[in-house]
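# Structural overview for review
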Amino acid sequence: MKEITIDALIENINTVTAFVDDLLDEIDCPMKSKIQIHIVIDEIFGNICHYAYKDSVGTVTVSVEFQNTPKAICLTFTDNGIPYNPLETEDPDITLSSEERNIGGLGIYLVKRNMDEIKYEYINKQNRLWMEKKL
Amino acid sequence: MIINKKSEGTKLEILLEGRLDTTTSPMLETELKQSIDGLTELIFNFEKLEYISSAGLRILLAAQKIMNKQGSMVVKNVNEIIAEVFEVTGFSDILTIE
């Protein structure tokens, strides 16, 4: 398992993406899965930066683990911010017209669609979001 | 992300290059705030756009709502990944994709 701990600041998204990318390159991850993982990092890390710590700056730990059978990547985001379970967010009604649509919940919805399994837990005052994607 | 613009009267084409995500979306938002007033035709050319996250979708939806009132909006040359994002989020029904 490899991990990176970094301040929860928007400008650090690229550092996290590069960290995960290097590991994905080592296992020759297909381009499509790689981009889907980029989107997931953008959504989850972005959410933590915007909401977890209010006005103070906290940290996020992103850990990456690979499985062989079946071949999969496990991504875990851990932060010490306010308790927040993204899985409780209601899925958006994707059948509404542009006038009726509002944008809430779209990010998490994209994450759900891009990953195969997601688990959330709040333990030791930490939010832990564990996600698996088959490669 | 790089934003290029082609303007012709009340028609504006915006060409995006790179990634439209949490980090870069504010750039596009600022750009649109400055130029959307009075437009009757807005074209997004995504030929060189790699991917889009919900932050980008939010801006496209806001632009679509404005253009519904004052003209038309088209998104063209989307790649497979972006087409899939539009598909799963229902944006393929909201936007005009060419």
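These numbers come from a predicted model, not from an experiment.

Scanning chain A for helices and strands turns up 3 helices and 5 strands. Each helix and strand of chain A, placed in order from N terminus to C terminus, yields the pattern β-α-α-β-β-α-β-β. For 135 residues, the compact-globule formula gives about 14 Å, and the C-alpha radius of gyration of chain A, at 15 Å, lands near that figure. A principal-axis box enclosing the C-alpha atoms of chain A has dimensions of 45 × 35 × 25 Å. In chain A, which comprises 135 residues, the proportion classed as buried is 50%. Pairs at least 24 apart in sequence give 65% of the contacts found in chain A among residues at least 6 apart. Roughly 7000 Å² of accessible area belongs to chain A as shown, and the carbon and sulfur atoms make up 47% of that amount. Treating the 13 positive side-chain charges of chain A as one cloud and the 23 negative ones as another, the clouds have centres 5 Å apart.

All names here are of chain B. Two strands pair when backbone bridges link them, and strand β1 (residues 2–8) and strand β2 (residues 11–20) are joined in this way by 7 bridges, in the antiparallel orientation. Bridge pairing links Lys5 to Ile14 in β2. Following β1, the chain reverses through 2 residues before pairing antiparallel with β2; Gly9 in that reversal takes a positive phi of roughly 65°.

Before going further, it helps to spend a moment on helix α1 (residues 13–26) of chain A. In a regular helix each residue adds 1.5 Å, so 14 residues correspond to 20 Å; α1 of chain A covers 20 Å between its end C-alpha atoms and thus fits that length. Those residues of α1 of chain A not exposed but buried are Ile13, Val16, Thr17, Phe19, Val20, Asp21, Leu23 and Leu24 of chain A. Looking at the packing, one finds that the buried side of α1 of chain A touches β1 (2–7), α2 (31–52), β2 (59–67) and β3 (72–79) of chain A together with β2 of chain B. Looking one or two residues past α1 of chain A, Asp28 of chain A carries a phi angle of roughly 50°, positive in sign.

Attention now moves to the sheet that holds strand β4 (residues 72–76) of chain B. Each strand in a sheet pairs with another by means of backbone hydrogen bonds, the pair being arranged parallel or else antiparallel. Residues and elements named next belong to chain B. Strand order in the open sheet made by the 4 strands is β1-β2-β3-β4, with mixed pairing throughout. In the strand order of this sheet, the two ends are held by β1 and β4, each with one partner. Taking each pair of neighbouring strands and ignoring which way they run, the sheet shows an average axis angle of 15°.

The next subject is the side chain of Thr22 of chain B. Topologically, Thr22 of chain B is positioned in the loop between β2 and α1 (25–35). Under the relative-accessibility criterion, Thr22 of chain B is labelled buried at 12%. Residues within four places of Thr22 of chain B in sequence aside, it is in contact with Ile10, Ile13, Asp42, Gly46 and His50 of chain A together with Ser53 and Ala55 of chain B.

Another aspect to go through is the pattern of salt bridges. Evaluation of the coordinates by the stated rule reveals 9 salt bridges over all chains. Note that Lys119 of chain A is salt-bridged to Glu117 of chain A, the shortest N-O span being 3.9 Å. Between Lys5 of chain B and Glu31 of chain B there is a salt bridge, with the nearest N and O atoms lying 2.9 Å from each other. Linking Lys5 of chain B in strand β1 with Glu31 of chain B in helix α1, this pair joins segments that are 26 residues apart in sequence. According to the relative accessible area criterion, Glu31 of chain B is buried, its value standing at 13%. Each of Lys32 of chain A together with Glu80 and Glu84 of chain B takes part in salt bridges that share partners, so that together they form one network.

This brings us to the nonpolar core. Counting 35 residues, the largest nonpolar core has Leu32, Leu42, Phe44, Phe46, Met73, Phe86 and Phe91 of chain B as its most contacted members. Judged by nonpolar contacts, the second largest core, of 32 residues, contains Ile4, Leu24, Val40 and Val62 of chain A.

Residues and elements named next belong to chain A. Here α2 crosses helix α3 (residues 106–114) at 145°, and the two axes come no closer than 9 Å. Where α2 crosses over α3, the handedness of that crossing is left-handed. Residues Gln36, Ile39, Val40, Glu43, Ile44 and Asn47 of α2 form the contact with α3, whose own contacting residues are Gly107, Ile108, Leu110, Val111 and Asn114. Looking at side-chain class alone, the contact of α2 with α3 contains 6 nonpolar, 4 polar and 1 charged residues.

How each quantity is defined
- The residue numbering used here restarts from 1 in each chain and proceeds along that chain's sequence as written.
- Starting at A for chains and at 1 for ligands, labels are handed out in the order in which the entities are written.
- Only residues with pLDDT of at least 70 are given local features in this predicted model, and only at 80 or more are side-chain atom pairs given and counted; all residues enter the totals for whole chains, interfaces and linings.
- By convention in this description, side-chain values take in all heavy atoms of the structure and omit both hydrogens and water.
- To qualify as a helix, a DSSP run of H or I must reach at least 4 residues; to qualify as a strand, a run of E must reach at least 2; elements of each kind are numbered from the N terminus.
- With C-alpha atoms as the basis for the radius of gyration, the globule rule is written as 2.2 Å multiplied by the number of residues raised to the power 0.38.
- Buried means the residue's accessible area, taken with a 1.4 Å probe over protein chains only, is under 20% of the maximum for its type, while exposed means over 50%, and partly exposed covers the values in between.
- Should any heavy atoms of two residues lie within 4.5 Å, those residues are considered in contact.
- For the area figures, the Shrake-Rupley method with a 1.4 Å probe applies, and any residue is considered shielded solely by the protein chains shown.
- For the purpose of charge, His is not counted, nor are the chain termini; Lys and Arg are scored as positive and Asp and Glu as negative.
- Working definition for charges: the position is that of NZ of Lys, CZ of Arg, CG of Asp or CD of Glu.
- Here, a strand pair is defined by DSSP locating no fewer than two bridges between the strands.
- One less than the number of residues in a helix, times 1.5 Å, gives the span that helix is expected to have.
- Structural elements are reduced to axes, namely lines fitted to C-alpha atoms, with helices fitted over the stretch in contact, and the angle between N-to-C directions of any two is expressed from 0 to 180 degrees.
- For this analysis, a salt bridge means a side-chain nitrogen from Lys or Arg found within 4 Å of a carboxyl oxygen belonging to Asp or Glu.
- Buried residues of nine kinds, namely Ala, Val, Leu, Ile, Met, Phe, Trp, Tyr and Cys, make up a nonpolar core once their side-chain atoms join them within 4.5 Å.
- The crossing is said to be left-handed when, going from far helix to near helix, the turn is anticlockwise and less than a right angle, and right-handed when the turn is clockwise.
- Any residue that is not Ala, Val, Leu, Ile, Met, Phe, Trp, Tyr, Cys, Pro, Asp, Glu, Lys or Arg is counted as polar, Gly included; the first ten are nonpolar and the last four charged.

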